[in-house]
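Tertiary structure, described
Chain by chain, the residues:
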Amino acid sequence: MADWIPDLSRSDKPRYLAIADLIGEDIRAGRLSIGDRLPPQRKLAARLDIDFTTVARGYVEAQKRGLVESRVGQGTFVTGAPRPKPRAPAAPKPGTVDLSMNLPPEPDDPALIERMQEGLAEVARDLVSLLRYQGFGGTVADKDAASAWLGRRALVPAQERIFVTPGAHPALLGIFGLLARPGETILCEAITYPGVRAIAAQLGIKLHGLPMDHDGIDPDAFAAACRDLAPKALYLNPTLQNPTTLTIPEERREAIAKVARRFGVPIVEDDAYGFVPPHGPPPLAAIAPDLTWHIAGLAKCIGAGLRAAYVVAPEVRAGYAFASALRTANVMASPLTTALATRWIEDGTADTLLRFIRTEAAARQALASEVLPKGSFRADPLSFNLWIELPAPWTRSAFVGHMRSTGIGVVASDAFTVTAPTVEAVRVCLGGPATRAQIRSALDFMAHALEESPEVVSAVM
């Protein structure tokens, strides 16, 4: 098969990976057979008009996968078949639909799943070294991948300010512990991410919620709180905020940064969903880099089980204290998890996953717009959840109980409220393993409830 010429235009991966992939595809399709001799590397490079080293890397990659072998003085020969294509994950069984956890939609495309598994298999080839202790903050390769990923958000910090951490929660715990002592105050949105409430409670830190409008926290209220409360930091989840789904526009971000600078208040930017919009506003860390702790978690833009986050410290010395605090609590990020994240960023799998998540989130939001009463909820076309402010006479406890009666889990606004009064609202999540059909069924049930009174729907039940 010395005339074999792969069509690299069929793949958006780096060319060396595309060569290995196409060898596997052609074996599977019968276009290559065991024992076939592949073209010499230099000859194939000339035919494809690419570097010799690219072809050489492609052949090495194929050999790692067990597809070919190199025989000294003879050439490269096909030796085996690629692993069977994985099946799409089975749909959850009918019954309970948990819409309480804010997860990205799970991939169900066999080709994408195979690509993910190939990355995991490649990482596992170096498994023994990944079971060793490693220095805190990530290897050079991991920080290179972090820099490349952060660059998608227009962030170009020096590597000395970047830390690879075991997830956003440990990062927030470490940062809050550095910035505030027990009894001191950190500001946040009046309705905020419940994980921050738990972290503050564990550290004995007071949270003070700031009033919000459709663009986020009120800058004047922020300035007043700075004067009156002497806060140690401001925590924000500024893009696709959990739970309200609002995104703070650039002008408001600049106003917030101006107030923070005037009073010398550090900003803790939880950018969990910042990578989901393809053209979102710049992060606060790009507007006020010297004030902002930026946390770019991977759980919401790649997968909830990928517990890794890239933290950018506002300056190098602050990073030393952060590294010491997090090392005490966590020793290091999991080398295996970090290596997988690095691999997926390097080979383009992370971008493919992110594109899938955007597409599927948009489809599920369109479904919600089709099924639920117009104007009954707040959402963004790319958010993973809905924020439903309930019509009277519904109360949040009655609505949650009614949903639970048929096996649908949603979360009442109490979990998110920092400053009273608590609004009559619930968060409804559309991601995770639930299928579109299951989500539609749950939304149909929800729509009926929103259009009727509690007394009517309970009588029907």
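Here the structure is shown first, and the text comes after it.
This one's a predicted model, so the numbers in the text were calculated from it and none came from an experiment. (Residues numbered from 1 in each chain as written. Predicted model: local features only at pLDDT ≥ 70, side-chain atom pairs only at ≥ 80, totals over all residues. Heavy atoms only, no water.)

This brings us to a nonpolar patch on the surface. Taken together, the side chains of Leu 127, Leu 131 and Leu 336 define a hydrophobic patch exposed on the protein surface, amounting to about 270 Å² of accessible area. Considering the arrangement of structural elements, one finds Leu 127 in helix H5 (residues 127–130). (Patch = residues over 30% accessible without salt bridge, like charges linked within 9 Å, V, L, I, M, F, W, Y side chains within 5 Å. Areas by Shrake-Rupley, 256 points an atom, 1.4 Å probe, with all protein chains shown as cover. Salt bridge = Lys/Arg side-chain N within 4 Å of Asp/Glu carboxyl O. Helix = DSSP H or I, 4+ residues; strand = E, 2+ residues; numbered from the N terminus.)

Turning to helix H12 (residues 316–330), a few remarks are in order. Here H12 is 15 residues long and its end C-alpha atoms lie 20 Å apart, about the 21 Å a rise of 1.5 Å per residue gives. Turning to H12, its buried residues are Ala 318, Gly 319, Phe 322, Ala 323 and Leu 326. Projection of H12 onto a plane perpendicular to its axis shows the buried side chains occupying an angular sector of 135°, all on one side. In H12, the exposed residues that point more than 90 degrees away from the buried face are Arg 317, Tyr 320 and Thr 328. As for H12, its buried residues are in contact with strand S4 (162–165), helix H7 (168–179), strand S11 (292–297) and strand S12 (309–312). Positive backbone phi, approximately 65°, marks Val 331, located one or two places after H12. (Expected span 1.5 Å × (residues − 1). Buried < 20%, exposed > 50% of the residue type's maximum accessible area, 1.4 Å probe, protein only. Arc of directions from axis to C-beta. Contact = heavy atoms within 4.5 Å.)

Empty pockets left among the atoms are what a rolling probe the size of a water molecule brings to light. There is about 380 Å³ of room inside the second largest pocket. Residue lining of the second largest pocket: 23 residues in total, with His 169, Tyr 193, Tyr 273, Lys 300 and Arg 307 positioned closest to the centre. The element contributing the most residues to the lining of the second largest pocket is H7, with three residues. Among the residues making up the lining of the second largest pocket, the classes are represented as twelve nonpolar, seven polar and four charged. (1 Å grid on protein atoms, 1.4 Å probe; cavity = no way out; pocket = protein on both sides within 12 Å on 5 of 7 lines; lining within 4 Å. Points joined across faces, edges and corners; volume = space filled by probe spheres on them. Nonpolar A, V, L, I, M, F, W, Y, C, P; charged D, E, K, R; others polar.)

Here we take up empty space enclosed by the protein. Throughout the structure, instances matching the rule amount to three cavities of 30 Å³ or more. By volume, the largest cavity amounts to about 80 Å³. Taken together, 13 residues form the lining of the largest cavity, with Gln 134, Gly 135, Gly 138, Ala 333 and Thr 338 sitting closest to its centre. Of the residues that constitute the lining of the largest cavity, the class distribution is five nonpolar, seven polar and one charged.

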